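Observations on the three-dimensional arrangement
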Amino acid sequence: MVINCIIVEDEPLALKRTGEFVNQVSYLNLLASFTNAFDAIGFLKNNVVDLIFLDIEMDGFTGIEFIEALSGNPQIIITTAYDKYALKGFELNVADYLLKPFRFERFLTATERVYTTLNKEIKEKTFIFVKTEYRLERIAFSDIFFIEGMGDYRNVQTLSRKILTLKTFSDFETELPGNNFCRVHKSYIIAIDKIISIEHNRVKIKETLIPISDSYKELFFNKIGIKST
């Protein structure tokens, strides 16, 4: 599972340090960083974010005001030099509260908590909604064979139909349960339980031969519990 995140932090050194920590965690994908909450709010209107690392005391628009203004439900990890906002933060159901300067070990503990929470939510779901044309299609996880990149579109191949969507691979990786879905190529996500055979770094699903690229080879074979050759 990939967790898409942003950082909202007005202190340049703290912003840089948090960004460095994010880059050390394999399942975190940093979409953007902001030095003020106004720009972050604008970004969230057009982008799906799973996790926000959020400073509290910022000019013009505080972190608390930012949380209260959110329309979505991303996980929040507060990063601040002040402990006086801890109670308010937890009243707003933040995932964790990191007091600066925090060490990487403490940062990792917070992100692991978020990973566990989001992974549990995904496992409890049995379907995904995909926007296609002017409607939202509900697709059961069990119906998906593979997802193929086709230019700007992704083709969701099920037993009976193909569904074209602009939903990104990153979005799919976040929303699909990681125990059965795996990225095997820049242009493919596959359902492991739909594999018929594996040969010469290709998997066969239905009548389609799907390449396993070197970039994803180790991840794929580790997931299915087989040493790559």
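The structure contained in this document is the topic of the report that follows. (Residues numbered from 1 in each chain as written. Predicted model: local features only at pLDDT ≥ 70, side-chain atom pairs only at ≥ 80, totals over all residues. Heavy atoms only, no water.)

1. Description of the sheet that holds strand β13 (residues 195-199)
Taken in spatial order, the 3 strands make up an open sheet running β13-β14-β15, and their pairing is antiparallel. What marks the edges here is a single partner per strand, and that holds for β13 and β15 (208-211). Averaged over all adjacent pairs, the angle separating strand axes in this sheet is 25 degrees, with direction ignored. Relative to strand β14 (residues 202-205), β13 runs antiparallel, the two sharing 4 bridges. Residue pairing for β14: I195 is matched across the bridge by I205. (Pairing = 2+ DSSP bridges. Helix = DSSP H or I, 4+ residues; strand = E, 2+ residues; numbered from the N terminus. Axes fitted to C-alpha atoms, helices over the stretch in contact; angles between N-to-C directions.)

2. With respect to the sheet that holds strand β9 (residues 153-158)
Working definition: the strands of a sheet are paired by backbone hydrogen bonds and lie parallel or antiparallel to each other. Taken in spatial order, the 5 strands line up as β10-β9-β8-β12-β11 in an open sheet, and their pairing is antiparallel. If you trace the sheet from one side to the other, it starts and ends with β10 (162-165) and β11 (181-185), each paired once. Taken over all neighbouring pairs, the strand axes of this sheet differ in orientation by 20 degrees on average, direction set aside. Looking at chain direction, β9 and β10 are connected through 4 bridges and run antiparallel.

3. So, the pairing of strand β3 (residues 51-54)
Within a regular strand, the side chains alternate between the two sheet faces. Residue alternation in β3 divides its side chains into two sets, L51 and F53 and I52 and L54, and both sets are buried. Pairing of strand β1 (residues 3-8) with β3 involves 4 bridges; the strand directions are parallel. Bridging across to β3, I7 finds its partner in F53. Examined bridge by bridge, β3 and strand β4 (residues 75-80) share 4 bridges and lie parallel to one another. Its bridge partner being in β4, L51 is matched across the sheet by Q75. (Buried < 20%, exposed > 50% of the residue type's maximum accessible area, 1.4 Å probe, protein only.)

4. Here we look at the side chain of D96
Position of D96 relative to the elements: it lies in strand β5 (residues 96-99). A polar side-chain atom of D96 sits 2.3 Å from a polar atom in the side chain of R113. Residue contacts for D96: discarding those within four places in its chain leaves I76, I77, I78, F90, R106, A110 and R113. (Polar contact = N/O pair within 3.5 Å; in protein donor to acceptor, adjacent residues only side chain to side chain. Contact = heavy atoms within 4.5 Å.)

5. Structural notes on the pairing of strand β7 (residues 135-140)
As defined by bridge partners, strand β6 (residues 127-132) adjoins β7 across 6 bridges and the pair is classed as antiparallel. Note that in β7 the partner of K131 across the bridge is L136. Linkage of β6 to β7, two consecutive antiparallel strands, is achieved through a turn of 2 residues, within which E133 is found at a positive phi near 55 degrees.

6. Observations concerning the pattern of salt bridges
All chains considered together, the criterion is met by 13 salt bridges. Between D55 and K100 there is a salt bridge, with the nearest N and O atoms lying 3.5 Å from each other. Within this pair, whereas D55 is found in the loop between β3 and α3 (63-69), its partner K100 is found in the loop between β5 and α5 (104-124), the two being separated by 45 residues in sequence. What makes K100 buried here is its relative accessible area of 18%. Residue R103 pairs with E105 through a salt bridge whose shortest N-O separation is 3.7 Å. (Salt bridge = Lys/Arg side-chain N within 4 Å of Asp/Glu carboxyl O.)

From the geometry alone we can't say anything about function, so treat these as descriptive.
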